[in-house]
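Listed here are the chains, written in short residue letters.
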Amino acid sequence: MRHIEINQVLYKSTKNELTSSEHGTDETKFSLYRGAKVTTPEAEINLAALYHEITRSDKVRRQITAVRNSADDDARKAAKAQLPAVSVAGVFSQRNDQALIHYAGLIVLDFDDVPQPEQARDILARCAGCALAFVSPSGTGVKAIFRHDGKAEHHAHTFRQIAASVCSWPIWIRPSS
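These figures come from a predicted structure and were not determined experimentally.

Another point: the overall build of the protein. In terms of helices and strands, the protein carries 5 helices and 13 strands. When burial is assessed residue by residue, the protein has 49% of its 177 residues classed as buried. Put simply, 67% of the contacts in the protein that link residues at least 6 apart link residues at least 24 apart. Accessible surface, the protein as shown: approximately 8,700 Å² in total, 50% of it carbon and sulfur.

Our next topic: the pairing of strand 12 (residues 142-147). Most of strand 12 sits out of view: 6 of its 6 residues are buried. Here strand 12 shows no split at all, with Val 142, Ala 144 and Phe 146 on one side and Lys 143, Ile 145 and Arg 147 on the other all buried. Pairing analysis gives 6 bridges linking strand 10 (residues 106-111) to strand 12, with the strands arranged antiparallel. Pairing of Asp 110 across the sheet is with Lys 143, part of strand 12. Looking at chain direction, strand 11 (residues 130-135) and strand 12 are connected through 5 bridges and run antiparallel. Among the inter-strand pairings, Leu 132 is bridged to a residue of strand 12, identified as Ile 145. Here strand 11 folds back onto strand 12, and the loop between the two strands holds 6 residues, one of which, Gly 139, carries a positive phi near 85 degrees.

We now examine the state of the cysteines. Using the criterion set out here, one finds 0 disulfides in the structure. Cysteine Cys 130 shares no disulfide, and the gap to the nearest cysteine sulfur, in Cys 127, comes to 6.6 Å.

Counting 22 residues, the largest nonpolar core has Leu 109, Phe 111, Leu 124, Phe 146 and Val 166 as its most contacted members. Counting residues per element, the ones that place at least two in this core are strand 10, helix 4 (117-125), strand 11, strand 12 and helix 5 (155-166). Counting residues in hydrophobic clusters, the runner-up holds 15 residues, among them Leu 32, Leu 47, Leu 50 and Leu 106.

So, about the packing of helix 1 (residues 47-56) against helix 2 (residues 58-68). Packed helix pairs are characterised by how far apart their axes lie and by the angle those axes make with each other. As a packed pair, helix 1 and helix 2 sit with axes 5 Å apart at the nearest point and diverge in direction by 65 degrees. When the axis of helix 1 is compared with that of helix 2, the two are roughly perpendicular. Each of Glu 53, Ile 54, Thr 55 and Arg 56 in helix 1 lies in contact with helix 2, whose residues at this interface are Asp 58, Val 60 and Arg 61. When the residues that make up the contact of helix 1 with helix 2 are grouped by side-chain class, the tally is 2 nonpolar, 1 polar and 4 charged.

The rules we used
Within each chain, residue numbers correspond to sequence positions counted from 1 in written order. Thresholds applied to this predicted model are a pLDDT of at least 70 for local features of residues and 80 or more for the giving and counting of side-chain atom pairs; totals over whole chains, interfaces and linings are not thresholded and use all residues. Where side-chain values are given, they derive from all heavy atoms of the structure, hydrogens and water being excluded. The numbering of helices and of strands both runs from the N terminus, where a helix is a DSSP run of H or I of at least 4 residues and a strand a run of E of at least 2. To sort residues, take the accessible area from a 1.4 Å probe on protein chains only and compare it with the maximum for the residue type: under 20% means buried, over 50% means exposed, and anything in between is partly exposed. Whether two residues are in contact is decided by their heavy atoms, any of which lying within 4.5 Å being enough. Residue exposure ignores everything except the shown protein chains as possible cover, and the areas themselves are Shrake-Rupley values with a 1.4 Å probe. Strands are treated as partners if at least two bridges between them are detected by DSSP. When the sulfur atoms of two cysteines come within 2.5 Å, that pair is taken as a disulfide. Each nonpolar core is a collection of buried residues, namely Ala, Val, Leu, Ile, Met, Phe, Trp, Tyr and Cys, held together in the definition by side-chain atoms within 4.5 Å. To define axes, lines are fitted to C-alpha atoms, for helices over the stretch in contact only, and angles between the resulting N-to-C directions are given on a 0 to 180 degree scale. Should an angle lie under 35 degrees it is considered roughly parallel, over 145 roughly antiparallel, and from 65 to 115 roughly perpendicular; all remaining angles are considered oblique. In this classification, Asp, Glu, Lys and Arg are treated as charged, Ala, Val, Leu, Ile, Met, Phe, Trp, Tyr, Cys and Pro as nonpolar, and every other residue, Gly included, as polar.

Rendered as structure tokens:
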């Protein structure tokens, strides 16, 4: 299952409002961590809270600016490691697949080195099942969170199905880990 950093401003799909979805509601919870290397979750949040923290938090905006203004790869990696992170797949007691407490029915697709990330974000946000799409901290990638009805034991298979249905245009997806 994929654990992702909280990133720049999210884009809400007009089709899939944060308050409702054919695959669940805004109350679906997942784990929040206060850094990429942190293994114990700090809180359980939902998509609306994630959206709010990203769009309203000056601290997160300053962290994103630090990532984008980093002089070299080592500085960029260090800055990214300070960003909050989420495990959208569900609520975890620790940051590993075996510590899953409750499955959320969410999957993230991760697109790297996208020529026009804002345009890609907007296209992904209009895809069926997309709850949120956003530009990555580097400003050169896109992440999209999708709702689904699958079960935890079929997470990898569901990821592949969603990726196959979404990816009819040439962009690279890093598989969920």
